[in-house]
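One-letter residues, chain by chain:
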Amino acid sequence: MDISSAIFECSAPDLDSCPDESLPEFAFIGRSNVGKSSLLNALAGQAGLARVSPTPGFTKLINIFTMNKTWRLVDLPGYGFAAGARKDSAQFNQAVVNYLKHRTNLCSVFALIESGLPPQENDVEFVEWLTRNAVPYVLVFTKADKVTPAEAEANIAAFRSRISAWFETPPRIFTCSATNGHGRAELLGVIGELMAAIAAESGAKPQAAPAAGQRRSANQLARANRKRRPDLNRPW
Ligand code: GDP
């Protein structure tokens, strides 16, 4: 998939502030400093799309971008804040919880994990939470250029063994590097694949976003007629 346009839609503090549910969404999340902003910029091919923050946990809003006018890339606040008010963190964590549990047009989460680290408890806990709440997701190991392939493989194998008892079919796993572009085509491929599956399911091509004036009614319509998320990449 080529990215021909990437347009900032909004920064939402909670689920109700998110735009209508007319376009499929793909959400990226991970611990602060996992390399999420860098990866989003690399995926979009735009250096300034997401902020690469020197302060861990700086991004606390749900940032939404419309890509190719047909799908949305959602930049979720990181978990495991190293800095920032505890109260704020809790509030935004609740926004993320609501988004992940109730956003019916969320097609897949891309759960980002640093490939240079052995399994971290908060990553394992987050993946367990996704699994328990039946949120569709794939695992993406970031910063693959920072370690040797053998080191990355060992960390990925250790992570896989921590979570393997939860599934018959384990989640799909990818590696990527924002620095050298490794994994970009594969991640965009997953999005393209799920978009095609949705189009096949609904018997129609994905629709472009409605004009701004139509947003409210489109949103109400979507909520009144809540679709099930596609089952395709649920590993359980
Ligand atoms: P975020 O907090 O998850 O959004 O992480 P950032 O994208 O801000 O990246 C955190 C730090 O990791 C920055 O210093 C980045 O330059 C660095 N970084 C991000 N992605 C990569 C990568 O693929 N390879 C390497 N070597 N460094 C990366």
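Residues numbered from 1 in each chain as written. Predicted model: local features only at pLDDT ≥ 70, side-chain atom pairs only at ≥ 80, totals over all residues. Heavy atoms only, no water.

Student: So what exactly am I meant to see when it comes to the side chain of Thr131 here?
Tutor: Tracing the backbone shows Thr131 in helix H3 (residues 121-132). Looking at Thr131, the relative accessible area reads 14%, which means it is buried. There is a polar contact of 2.9 Å between the side chain of Thr131 and the side chain of Tyr137. (Helix = DSSP H or I, 4+ residues; strand = E, 2+ residues; numbered from the N terminus. Buried < 20%, exposed > 50% of the residue type's maximum accessible area, 1.4 Å probe, protein only. Polar contact = N/O pair within 3.5 Å; in protein donor to acceptor, adjacent residues only side chain to side chain.)

Student: Is there a simple way to explain the site of the ligand in this structure?
Tutor: Taken together, 14 residues form the shell around the ligand, and within it Ser37, Ser38, Asp145, Ala178 and Thr179 come nearest. A distance of 2.7 Å is found between a nitrogen atom of the ligand and a side-chain nitrogen or oxygen belonging to Asp145. Between the ligand and Thr179, the relevant distance is 2.8 Å, taken from a nitrogen atom to a side-chain nitrogen or oxygen of the residue. Of the residues in the shell around the ligand, the class split is three nonpolar, seven polar and four charged. (Near = heavy atom within 4 Å. Nonpolar A, V, L, I, M, F, W, Y, C, P; charged D, E, K, R; others polar.)

Student: Just to check I follow, could you spell out the nonpolar core for this structure?
Tutor: Grouped burial of nonpolar side chains is what soluble globular proteins tend to show. Formed by 32 residues in total, the largest nonpolar core has its most connected members in Ile62, Leu76, Tyr99, Leu100, Val109, Leu130 and Leu139. It is H3 that provides the largest number of residues to this core, a total of five residues. Other than its neighbours up to four places away in sequence, Val109 contacts Ala27, Ile29, Leu100, Leu130, Val135, Pro136, Tyr137 and Val138. (Core = buried A, V, L, I, M, F, W, Y, C linked by side-chain atoms within 4.5 Å. Contact = heavy atoms within 4.5 Å.)

Student: I would appreciate a short explanation of the pattern of salt bridges in the present structure.
Tutor: Pairing between side chains of opposite charge can happen when the charged atoms of each approach one another. The full count for this structure, using the stated rule, is nine salt bridges. For Glu25, the salt bridge identified is with Arg72, shortest N-O distance 2.6 Å. Placement of the pair is Glu25 in strand S2 (residues 25-30) and Arg72 in strand S4 (residues 71-75), with a sequence separation of 47 residues. For the salt bridge of Lys143 with Glu114, the shortest nitrogen-to-oxygen distance reads 3.6 Å. Highlighted residues: Lys143 in the loop between strand S6 (137-142) and helix H4 (149-163) and Glu114 in strand S5 (residues 106-114), separated in sequence by 29 residues. Glu114 shares its class with Lys143; the two are buried. (Salt bridge = Lys/Arg side-chain N within 4 Å of Asp/Glu carboxyl O.)

Student: Hey, could you run me through the confidence of the model for the protein in this one?
Tutor: Detailed conclusions should not be drawn from predicted coordinates in areas where pLDDT is low. Taken as a whole, the protein shows an average pLDDT of 82; of its residues, 77% reach a score of 70 or greater. Per-residue pLDDT stays below 50 along residues 212-228; that stretch engages in 17 contacts with residues further than four places along the chain or on separate chains. Contacts of residues 231-236 to residues separated by more than four positions or lying in other chains number 22 contacts, the stretch itself having pLDDT below 50. (pLDDT = per-residue confidence, 0-100.)

Student: Help me understand the pairing of S5, please; the structure alone is not making it clear to me.
Tutor: Across the nine residues that make up S5, a large majority, nine, are buried. Judged from the six bridges that link them, S2 and S5 form a sheet pairing that is parallel. Opposite Gly30, over in S5, you have Leu112 as the bridge partner. Examined bridge by bridge, S5 and S6 share six bridges and lie parallel to one another. Opposite Ile113, over in S6, you have Phe141 as the bridge partner. Remark: the S5/H3/S6 crossover connection has right-handed handedness. (Pairing = 2+ DSSP bridges. Right-handed = clockwise from strand over helix to strand, strands pointing away.)

Student: Honestly, the sheet that holds strand S7 (residues 173-175) in this entry has me stumped. Any pointers?
Tutor: Strand pairing in a sheet relies on backbone hydrogen bonds, with the paired strands running either antiparallel or parallel. Ordered in space as S1-S3-S4-S2-S5-S6-S7, the seven strands form an open sheet in which the pairing is mixed. Each having just a single partner strand, strand S1 (6-12) and S7 make up the two edges of the open sheet. Pairwise comparison of adjacent strand axes, ignoring direction, gives a mean angle of 25° for this sheet. Taken strand by strand, H4 contacts S5, S6 and S7, and its axis lies near 150° from that of S6. Packed on one face of the sheet, helix H5 (residues 184-202) meets S2, S4, S5, S6 and S7 and runs near 165° to S5. (Axes fitted to C-alpha atoms, helices over the stretch in contact; angles between N-to-C directions.)

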